[in-house]
Amino acid sequence: MADYKQQLLDRFNDRTATIGIVGMGYVGLPLAVEFARAGYHVIGLDVNEEKVSKLNAGTSYIPDVPTDTLAPLVDSGHLRATTSYDDLTDIDAVSICVPTPLRKTKDPDMSYIVAAADSVAGICHAGLLVVLESTTYPGTTDEVILPRLLKNNLTVGEDVFVAFSPERVDPGNPTYGVHNTPKVVGGITPACVEVVTALYAPAVGEVVPVSSTAAAEMVKLLENTFRAVNIGLVNEMALMCNRLGVDVWEVIRAASTKPFGFMPFYPGPGLGGHCIPIDPHYLSWKLRALNYTARFIELAGEINTSMPYYVIDLVMDALNEDSKALKGAKVGILGMAYKRDIDDVRESPALDVHHLLEEKGADVSFNDPYVPSVRLPGQRTAHSVALTAEWLADQDCIVIVTDHTGYDYDFILKHARLIVDTRNATHGYQGSARVVRL
Ligand code: SAJ
């Protein structure tokens, strides 16, 4: 009777293991690089042929993975890419790093995980470790991944090993990457935990085992629900401070002097990105199936999704002070990305603000040095305009939606007439523009 657990432990310890990564995006590629740098042979699988050919040419398409880091790993044969699962038949371990978006109904879209699980099941063999990394609801690994693998008459914890390890990739983070972010792991059995720990140990600084896959799935959801709920709280604080005539930014600044028991979050135009607005709804969806309403998640979602509407109210009130209607007004948006200093517009509240302003009849344009163009409803495309004194002066109102650090706020304050600042970006800068803050 082969001891597959020991076989895997030996192959991870002496780096003779071959690792498959399914999904070579902002999670899969950095993980593949760290595995290859640790000495494993890595095969990255992606459905996108352009990504695969770029990777095999040693060219990176993920800003956090420099080409000069990737190329040597491809040249040495430690990393290659493919579009075919036929190339994964002899791997020792596979990490599934596919998207987990929401449908329009705010229900989880599990299609990517199911497709990956079915494909991995097709190449599953005795002596394989399967790790799911995609953010998902508690129970996914046990209920969706495991049954598909066991169709091969394998025994989990003896022939096949199954685990969950939440991805903690923070795109654009200059300090933390895969190698120095602790890796939480949860396995179906103790042997699965032992094996998955041995897989990651050479590639990451610290592995943090928990008692089950559901616990590991829940860790990630706590992390991101924590952010969504606290952002919702501080957005409601902004609404309350506006009613009270109190500067919410001053209040947060002063509260932040508390050296313990407080963590600042900041109000804004809404909640963007592919994690924070989405992950908590995987949890609330699962709990609804268990007849429980995740009230904090639902309430935070209501408040955060209401913020773009609040921004429009601020613009209308600010123009009203100039005896101007929003309809027919020229409104310039600064920043379309979902947060500063990145080019990602997924779920960006700036898209909502742009759409709502147009719906009210405003003549809307935008500048974003990171975002050359955006797709608008009705198959239209809008392009970033040059940030000139003339453009600023020509706008009836400028709305700062994303506070890129590269903006010259003195210049903006000097040439704009009216600014609605949703990020307190102009704090500490001088200029003649009238500024209304969130
Ligand atoms: N936001 C606020 N106020 C805040 C913080 C954020 O309005 O105080 C907004 C941002 O503008 C953005 C959205 O919330 O639109 C999400 O911002 P984020 O800072 O949470 O950035 P993300 O979406 O890139 O979150 C990622 C997450 N990383 C992973 O899921 C692995 C999150 O867990 C990280 O904590 C976060 O980066 C981070 O700290 O940068």
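Residues numbered from 1 in each chain as written. Predicted model: local features only at pLDDT ≥ 70, side-chain atom pairs only at ≥ 80, totals over all residues. Heavy atoms only, no water.

1. Thoughts on the overall build of the chain
Of regular secondary structure, the chain possesses 14 helices and 15 strands. Its C-alpha atoms give the chain a radius of gyration of 24 Å, near enough to 22 Å, the size a compact globule of 438 residues would have. For the chain, the spread of C-alpha atoms along the three principal axes comes to 85 × 50 × 45 Å. Across the 438 residues of the chain, 51% fall into the buried class. Contacts spanning at least 24 positions in sequence make up 68% of the contacts within the chain whose residues lie at least 6 apart. Here the chain has roughly 19600 Å² of accessible surface; of this, 53% comes from carbon and sulfur atoms. In the chain, 36 positive and 54 negative side-chain charges are present, and the distance between their average locations comes to 5 Å. (Helix = DSSP H or I, 4+ residues; strand = E, 2+ residues; numbered from the N terminus. Rg over C-alpha atoms; globule rule 2.2 N^0.38 Å. Buried < 20%, exposed > 50% of the residue type's maximum accessible area, 1.4 Å probe, protein only. Contact = heavy atoms within 4.5 Å. Areas by Shrake-Rupley, 256 points an atom, 1.4 Å probe, with all protein chains shown as cover. Lys, Arg positive; Asp, Glu negative; His and termini not counted. Charge placed at Lys NZ, Arg CZ, Asp CG, Glu CD.)

2. Thoughts on the sheet that holds strand β10 (residues 363-367)
Here we have five strands laid out as an open sheet, ordered β10-β9-β13-β14-β15, and parallel in their pairing. A strand with exactly one partner marks an edge of an open sheet, and here the two such strands are β10 and β15 (434-437). Strand-to-strand twist across the sheet, computed as the mean angle between neighbouring axes with direction ignored, equals 20°. Pairing analysis gives five bridges linking strand β9 (residues 330-334) to β10, with the strands arranged parallel. Note on β10: the bridge partner recorded for L334 is N367. Contacting β13 (397-400), β14 (418-421) and β15, helix α11 (residues 295-321) crosses the sheet at an angle of about 155° to β14. (Pairing = 2+ DSSP bridges. Axes fitted to C-alpha atoms, helices over the stretch in contact; angles between N-to-C directions.)

3. Overview of the packing of α11 against helix α12 (residues 349-359)
Packing of α11 against α12 leaves a shortest axis separation of 9 Å and a crossing angle of 50°. In terms of their interaxial angle, α11 and α12 are classed as oblique. Two packed elements cross with a definite hand, and for α11 against α12 that hand is right-handed. Contacts between α11 and α12 involve P308, Y309, V311, I312 and V315 from the former and P349, D352, V353, L356 and L357 from the latter. Taken together, the residues of the contact of α11 with α12 sort by class into nine nonpolar, no polar and one charged. (Parallel < 35°, antiparallel > 145°, perpendicular 65-115°, else oblique. Left-handed = near helix turned anticlockwise from the far one by under 90°. Nonpolar A, V, L, I, M, F, W, Y, C, P; charged D, E, K, R; others polar.)

4. Here we look at the packing of helix α2 (residues 28-37) against helix α4 (residues 67-75)
Contact geometry for α2 and α4: axes closest at 10 Å, N-to-C directions at 55°. By the angle class used here, α2 and α4 are oblique. Judged by the sense of rotation from one axis to the other, the crossing of α2 with α4 is left-handed. Along the contact surface, α2 presents L29, V33, A36 and R37, while α4 presents T69, L70 and L73. Along the lines of polarity and charge, the residues of the contact of α2 with α4 split into five nonpolar, one polar and one charged.

5. Here's the deal with the sheet that holds strand β5 (residues 128-132)
Read across the sheet, eight strands follow the order β3-β2-β1-β4-β5-β6-β7-β8 without closing on themselves; strand pairing throughout is mixed. Sheet topology places β3 (79-82) and β8 (207-210) at the edges, where each strand pairs with a single neighbour. Across the sheet, the mean angle from the axis of one strand to that of its neighbour is 25°, orientation sign disregarded. Here strand β4 (residues 93-96) runs beside β5; their pairing, made up of four bridges, is parallel. Bridge assignment links A93 to a residue of β5, and that residue is L129. α2 contacts β1 (18-22), β2 (41-45), β3 and β4 of the sheet and is inclined by roughly 170° relative to β1.

6. Description of the nonpolar core
Grouped together as the largest cluster of nonpolar side chains are 84 residues, with contacts concentrated most on F12, I19, F35, L129, L199 and Y200. Take this core: its biggest share by element is seven residues, from helix α7 (residues 190-200). Split by domain, the residues of this core number at least three in each of domain 1 (4-211) and domain 2 (253-437). Contact partners of F12, with chain neighbours within four places excluded, come to A17, I19, Y40, A93, L129, V195, A198, L199 and P202. With 45 residues, the next largest nonpolar core counts A228, L314, V331 and F366 among its residues. (Core = buried A, V, L, I, M, F, W, Y, C linked by side-chain atoms within 4.5 Å. Domains from an automatic or database assignment.)

7. As for the domain arrangement of the chain
Examined at the domain level, the chain breaks down into domain 1 (4-211) and domain 2 (253-437). Measuring from the centre of the C-alpha atoms in domain 1 to the corresponding centre in domain 2 gives 36 Å. Of the residues lining the interface, 16 residues belong to domain 1; the matching set on domain 2 comes to 13 residues. Summing the contributions of domain 1 and of domain 2, the shared interface buries around 1200 Å²; its carbon and sulfur component is 64%. Applying the counting rule to domain 1 against domain 2 returns three salt bridges. (Buried area = accessible area lost by both parts, 1.4 Å probe. Salt bridge = Lys/Arg side-chain N within 4 Å of Asp/Glu carboxyl O.)

8. Here we look at the side chain of H281
Along the chain, H281 turns up in helix α10 (residues 279-289). Residue classification places H281 among the buried residues on the basis of a relative accessible area of 11%. Excluding anything up to four places from it in sequence, H281 contacts L102, K106 and I297.

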